[in-house]
Amino acid sequence: MLQLLLFSFCYFNSFHTATSYLFSDCLANSKIPKNQLKNIIHTQCSTNYTTVLDDYIRNGRFNTSTTHKPALIITPFQESEVQEIVSCAKKVNLHLKIRSGGHDYEGLSYTSKTTFAILDMFNLRSIDLNIKEETAWVQAGATLGELYHKIWENSKVHAFPAGVCLTLGVGGHISGGGYGTMLRKYGTSVDNVVDAKIVDANGRIMDRECMGEDLFWAIRGGGGGSFGIVLSYKINLVPVPKNVTVFKVRRTLEQNATDIVYSWQNIADKFEKELFVRVFLQAVNSTTTPGKMTARASFIAMYLGDSDKLVSIMDEKFPELGLKKEDCNEMSWIKSTLFWADFPENTPEEAMLNRKSRSSLAFKMKSDYVKTPISKGNLGTIFDKMIESKIVWMMWNPYGGRMSEIPETETAFPHRAGNIYKIQYLTYWNETGPASDKANIDIVRKFHDFMTPFVSKNPRQAFLNYRDIDIGSTDNVGPNAYGEARVYGEKYFNGNFDRLVQVKTKVDPTNFFRNEQSIPVLKN
Ligand SMILES: Cc1cc2nc3c(=O)[nH]c(=O)nc-3n(C[C@H](O)[C@H](O)[C@H](O)COP(=O)(O)OP(=O)(O)OC[C@H]3O[C@@H](n4cnc5c(N)ncnc54)[C@H](O)[C@@H]3O)c2cc1C
Ligand SMILES: *[C@@H]1O[C@H](CO)[C@@H](O)[C@H](O)[C@H]1NC(C)=O
Ligand SMILES: *[C@@H]1O[C@H](CO)[C@@H](O)[C@H](O)[C@H]1NC(C)=O
Ligand SMILES: *[C@@H]1O[C@H](CO)[C@@H](O)[C@H](O)[C@H]1NC(C)=O
Ligand SMILES: *[C@@H]1O[C@H](CO)[C@@H](O)[C@H](O)[C@H]1NC(C)=O
Ligand SMILES: *[C@@H]1O[C@H](CO)[C@@H](O)[C@H](O)[C@H]1NC(C)=O
Ligand SMILES: *[C@@H]1O[C@H](CO)[C@@H](O)[C@H](O)[C@H]1NC(C)=O
């Protein structure tokens, strides 16, 4: 009964009492030392509860007083503690949401409509690098910034092909098929994962050999939240030159952006693998016609080579952009990660160790895949519509290269050959609240509807890491759960959905690991 004293009066008063108490009691009787429990379990009455909760909320939309809050936040320091936590949570039927970096676009890692606890991985963030072997074991709570920095401390000619935002958590990012500016050369992050450690629903720690190839396949792109707690991934480092070259060149409609984007569509997925040219599209005030808005395309490039070579490639294959040598910037790979994350020039490398979010804006994102080039006329209409929306931005990310060489079934991440580029729709706003949220979300939903004729069909595909609850969700109970899940499941995973369901049914038949868009269990 001693453990009762750990918790204050308000704890007993709280609305989630029963399950939380049973859970805490179970942990108090586990292998975790009792004096460690107060550092691991944060109730709504703990002084640190709000800070711990807020630290890894990345979307202002879910940072409000009305957002459903967890009964508990559980912050283990040891992998063995994760085992005890899962065993106890399963025993008392406490729903766990798993959080690594907290960037889930719909807040699924830290919100829920029903009683739940967050299992927060931020204390588990060691990175064990082996330069000789060109590998690293990275724990789920590490950020990409910490990973990139660690690689750079040990080698100036190695890198890892993962995301652009440096606060992304390894746990969510890699399990969801995370990618970055080297995907045309090296594929996505999951294409460079060689082993993993996971805690399954029975509280067992399993590596690749022990979990088997099916589960190892699933946690490379199938999303972590359905199968277990990813403790760490073992990754292969990839070679990069001492310097890479980047540029950002902007063209408005008045500067023939429509023609240039049209040409980009025909070459972006066919360039040499070393070259990645992203297009960022937004509505901006016209500089030539005051009071009028125009569309602006920013061409942002990563080239694993020098600027002379880059300029000659662009002259030959994409002269419409009119790239000049002065537009190019040669820098080390590590500096390029700061450039891509939009840090000011000359920001020191240490800045990427900062785990704090740099934005508190609310946002809504959506995604699409494009398989046939959009005509010039339709591009013009799309840009007009974007101007009309004022707030919808688009990021067009080219595929091809290595992406087209890897079969769709190789990992759970399915979007491979046949995709010219992926669209991300981005909409940000300052003022949160039901009315403002709805108004802004409606605008991006309408825009997404408008794009229907130009993008992939049957199913209209989407990228799991750009989580979008509009494309379907499930409450994971009732006879319709499987059918509901199939709707978003085929958009995120194409033909890989069925295999994911089989793996799920085998490794977590009671559906302990679940969220609003998890993989369902097959009904027998
Ligand atoms: C500003 C910004 C920039 C981004 N840039 C990119 C980019 O360049 N490339 C890209 O691919 N994506 C990008 N994303 C999307 C990002 O990859 C996904 O949101 C990713 O899921 C984030 O992982 P996380 O650990 O930070 O998030 P979390 O919210 O912690 O987790 C995301 C999902 O994974 C689950 N999960 C988390 N940790 C674990 C674990 N240890 N075990 C099992 N399941 C787990 C969660 O339950 C949740 O469902 C960006 C997102 C933001 C907000
Ligand atoms: C609460 O936060 C403070 C400041 O970060 C820290 O020193 C302390 O250990 C935390 N307490 C618990 C119980 O986690
Ligand atoms: C736009 O294209 C037209 C016709 O091809 C050309 O004459 C003009 O110089 C271009 N404008 C710019 C800013 O490149
Ligand atoms: C664009 O123009 C509008 C009205 O002309 C103005 O209110 C707004 O501040 C301008 N935006 C920027 C970014 O300059
Ligand atoms: C890399 O680029 C920097 C900045 O332009 C330059 O000072 C340095 O000499 C280059 N290094 C190599 C190896 O080319
Ligand atoms: C969440 O709200 C707190 C308090 O208002 C604020 O300090 C923090 O920056 C916000 N975070 C995000 C991501 O919106
Ligand atoms: C939010 O507010 C800040 C500060 O007022 C402003 O600079 C920014 O442009 C606004 N962003 C959006 C998306 O409205």
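Keep in mind it's a predicted model, so treat the numbers as computed, not measured.

J.: Even after reading the chapter, I still don't get the domain arrangement of the chain, so can you show me in this structure?
T.: A common way to state how big an interface is: give the accessible area lost once the parts meet. Entries for the chain in the domain assignment read domain 1 (2-120), domain 2 (127-239) and domain 3 (244-331 + 361-459). For domain 2 and domain 3, the distance between their C-alpha centres works out to 27 Å. Contacts between the two partners involve 19 residues from domain 2 and, on the opposite side, 27 residues from domain 3. Summing both partners gives a buried area of about 1700 Å² for domain 2 against domain 3, and 59% of it is carried by carbon and sulfur. Interface area lost by domain 2 to domain 3 is led by Y179, R184 and K185, which between them contribute 43%. Applying the counting criterion to the domain 2 and domain 3 interface returns 2 salt bridges. One salt bridge in this structure joins K185 and E274, with 2.8 Å as the shortest N-O distance. Viewed at the interface, domain 3 and domain 2 are joined by 14 residue pairs in polar contact (both at pLDDT 80 or more).

J.: How do you make sense of the pattern of salt bridges when you look at a structure like this?
T.: Counting across every chain of the model gives 36 salt bridges. One salt bridge connects K364 with D470, and the closest N-O pair in it is separated by 3.4 Å. Taken as a pair, K364 in strand β16 (residues 362-370) and D470 in the loop between α15 (434-450) and α16 (481-493) lie far apart in primary sequence, 106 residues in all. Residue classification places K364 among the buried residues on the basis of a relative accessible area of 1%. The class of D470 is partly exposed, set by a relative accessible area of 28%. Residues R486 and E490 are paired through a salt bridge, measuring 2.7 Å at the closest nitrogen-oxygen approach. Of the two residues, R486 and E490 both sit in helix α16, 4 residues apart, roughly one turn of that helix. Here the salt bridges share partners, and the residues they tie into one network are R61, E106, K364, K366, K438, D442, R445, D468 and D470.

J.: It is not clear to me how the packing of helix α6 (residues 144-154) against helix α12 (residues 333-340) should be interpreted in this structure. Could you clarify?
T.: Two measures define how a pair of helices packs: the angle their axes make with one another and the distance between the axes. Taken N-terminus to C-terminus, the directions of α6 and α12 make an angle of 160 degrees; their axes are 10 Å apart at the nearest point. Classified by the angle their axes make, α6 and α12 are roughly antiparallel. With respect to the hand of their crossing, α6 and α12 are arranged in left-handed fashion. Residues Y148, H149 and W152 of α6 lie in contact with α12, whose contacting residues are W333, I334 and T337. Looking at the contact of α6 with α12, its residues break down into 4 nonpolar, 2 polar and no charged.

Procedures and definitions
Residues numbered from 1 in each chain as written. Chains lettered and ligands numbered in written order. Predicted model: local features only at pLDDT ≥ 70, side-chain atom pairs only at ≥ 80, totals over all residues. Heavy atoms only, no water. Domains from an automatic or database assignment. Contact = heavy atoms within 4.5 Å. Buried area = accessible area lost by both parts, 1.4 Å probe. Salt bridge = Lys/Arg side-chain N within 4 Å of Asp/Glu carboxyl O. Polar contact = N/O pair within 3.5 Å; in protein donor to acceptor, adjacent residues only side chain to side chain. Helix = DSSP H or I, 4+ residues; strand = E, 2+ residues; numbered from the N terminus. Buried < 20%, exposed > 50% of the residue type's maximum accessible area, 1.4 Å probe, protein only. Axes fitted to C-alpha atoms, helices over the stretch in contact; angles between N-to-C directions. Parallel < 35°, antiparallel > 145°, perpendicular 65-115°, else oblique. Left-handed = near helix turned anticlockwise from the far one by under 90°. Nonpolar A, V, L, I, M, F, W, Y, C, P; charged D, E, K, R; others polar.

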